[in-house]
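Here is how the chains run, residue by residue.
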Amino acid sequence: MKLFRKISRLFIKFILIVLIIGFLSALIYAAPSIWNRVHTYPKLDKIKSEIEATYKKPFDFIKQTDYKGVLHAHSYWSHDSRGILEEILPAAKKAKLDFIFLSDHEHSQLDSFPRGYHGVYDNIIIESGTENRGLMVNPMKSGILDWDQPLDTLIKQVTDSGGLVLYVHTEEKHAWENPDYQAMEIYNIHTDFIDEGDDLLPFVVNSIINGNKYRHWGMREIFDEQIVIMARWDSINKFRKVIGMAAVDAHSNQNLRARYTDDGMVEWVGPNAKQISLVEPGWKEKLLLSESDAGGWGFKLELDTYYHSFNFVNTHIFCNEFSNVNIKDNLVAGHAFIAFESLANAKGFQYFSTNSTNELSAIMGDSISVNSINKLKAVSPFPVQFKLIKDGSVVNTVKDSYTYEFDPNQEPGNYRIEAYLNFNDELFPWIYTNPIYVYEGL
Ligand SMILES: [Zn+2]
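Presented here is a report on the structure given in the accompanying data block. The structure presented is a predicted model; accordingly, all values stated were derived computationally and were not measured.

A look at the pattern of salt bridges
Right, so step 1: According to the stated counting rule, one finds 17 salt bridges in the structure shown.
Right, so step 2: A salt bridge links Lys-46 to Glu-50, with the shortest nitrogen-to-oxygen separation between them at 3.2 Å. Pair noted here: Lys-46 and Glu-50 are both in helix α1 (residues 2-52), with a separation of four residues, about one helical turn.
Right, so step 3: With a relative accessible area of 54%, Lys-46 lands in the exposed category.
Right, so step 4: Glu-267 is paired through a salt bridge with Arg-82; the nearest N and O atoms lie 2.9 Å apart. Here the residue Glu-267 occupies a position in strand β14 (residues 266-269), and Arg-82 occupies one in the loop between β1 (65-73) and α2 (85-94), the gap between them amounting to 185 residues.
Right, so step 5: Residue classification places Glu-267 among the buried residues on the basis of a relative accessible area of 4%.
Right, so step 6: Residues joined by salt bridges that share partners form a network here, namely Arg-82, Arg-259 and Glu-267.

In structure tokens form, the structure reads like this:
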């Protein structure tokens, strides 16, 4: 009996030690995420609100309206998303978007347009489009697209008939020399995510610990400057105009969810919107599922949400009117810049040139003779560090300023602006504009 008691006491001790070691190692593993929650992210939020307090509305030098939105987003039409309007629209409103250009995965070789969401919903334009074979295609009119034809034929067919063709996932191989595609992703959240490597556990742990409250900073953990892609973009622009745009690649599909089906079963859905199981509700379901949300989900453990993707990076396009075609036309013209919106709302930012009589002579995306340029100018609603990039090289930097001015001194080249926000002496890239293309005077 004594021996038995001794053994059971030893056993309990052993279990306790194992539990303590387990708890301590979990704590050590989670420590960086806990530190983020109690220190880093509140501090970043504080700096963000200090920056917001310095807001000064710039004068509207550019007469067109800046509409901001997202390109490259997926809905229920894609095999790897379940997103419906009831989820997409509130997220788009919260992120103050004016437009969403969708890029749903095709269903078959013959792709019909429009389909899925298409039109104006509560003052937000949603344009249907497809992502396939490294392209995002928005034909902008009804018809059928045959994906089973040579890519260059397809690109020419779409662009010749008023549609939009973008190169997506630009970390991958593309026919860069193709003369007809109009734009390329210079930033894609997914591209940035995959360069994190295989060990995603720290990112997941951080996302869970920092949840909804600091998800905007949790997502920023993946951010890296896309140096190779930007260099490629600059080098293509030396030969022909290619517009840079940002992709959110939103799917709202990195999560664990459950919903009641119409016939009273429970469907569990995992990453990439894949069904895990369809079961009769048991104790687990009864414990975890509550009333369905707008998307029909009774349980949700989320990593990426539509809102946080929509608010991460936007493409701002200067337009003459609020229509899908005008947004597309002005994107193709390059009247656009990209902005990391979770850092600060970029409306008001402008980049343009003036002539010798100080009148506006070109805006980002325009081509202009050196004779029509006296100054390159930019204005920002917050003080930023401006960098002027000419043909891929930094040629001028101005710190801590609302305004920027540079005399290109009759030098032809492609001039674009990068603007950086100062977060506690760390400069975060905030805005990348399209270039003003300055050519030799005639
Ligand atoms: Zn995609």
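Notes on the pairing of strand β8 (residues 135-138)
Right, so step 1: Neither face of β8 is left uncovered, since the one carrying Leu-135 and Val-137 and the one carrying Met-136 and Asn-138 both have all their residues buried.
Right, so step 2: Where strand β7 (residues 130-132) lies against β8, three bridges are found, and the strand directions are antiparallel. Among the inter-strand pairings, Thr-130 is bridged to a residue of β8, identified as Val-137.
Right, so step 3: Taken together, β7 and the strand that follows it, β8, pair antiparallel across an intervening segment of two residues, in which Arg-133 is found at a positive phi of about 50 degrees.
Right, so step 4: Looking at chain direction, β8 and strand β10 (residues 164-167) are connected through four bridges and run antiparallel. Counterpart to Val-137 in the pairing with β10 is Val-165.

Regarding unusual backbone geometry
Right, so step 1: Looking along the chain, the bond that leaves Phe-113 and enters Pro-114 is cis, with omega of -10 degrees.
Right, so step 2: Phi at Asp-122 takes a positive value of approximately 50 degrees, unusual for a residue other than glycine.
Right, so step 3: When you line up the elements, Asp-122 lands in the loop between β5 (119-121) and β6 (124-127).
Right, so step 4: Of note, the phi angle at Asn-358 is positive, near 65 degrees, even though the residue is not glycine.
Right, so step 5: The topology assignment puts Asn-358 in the loop between β19 (350-354) and β20 (360-363).

Thresholds, definitions, all that
The numbering scheme is per chain: residues are counted from 1 as the chain's sequence reads. Note on the predicted model: pLDDT of at least 70 is required for a residue's local features to be given, and 80 or more for side-chain atom pairs to be given and counted; whole-chain, interface and lining totals, by contrast, use all residues. Excluded from the side-chain calculation are hydrogens and water; included are all heavy atoms of the structure. Salt bridges are defined as contacts in which a side-chain nitrogen from Lys or Arg sits within 4 Å of a carboxyl oxygen from Asp or Glu. Comment: elements are numbered from the N terminus, with helices defined as DSSP H or I runs of at least four residues and strands as E runs of at least two. Exposure classes here rest on a 1.4 Å probe applied to the protein chains alone. A residue is buried below 20% of its type maximum, exposed above 50%, and partly exposed in between. Here, a strand pair is defined by DSSP locating no fewer than two bridges between the strands.

By themselves, these observations are geometric and do not establish any function.
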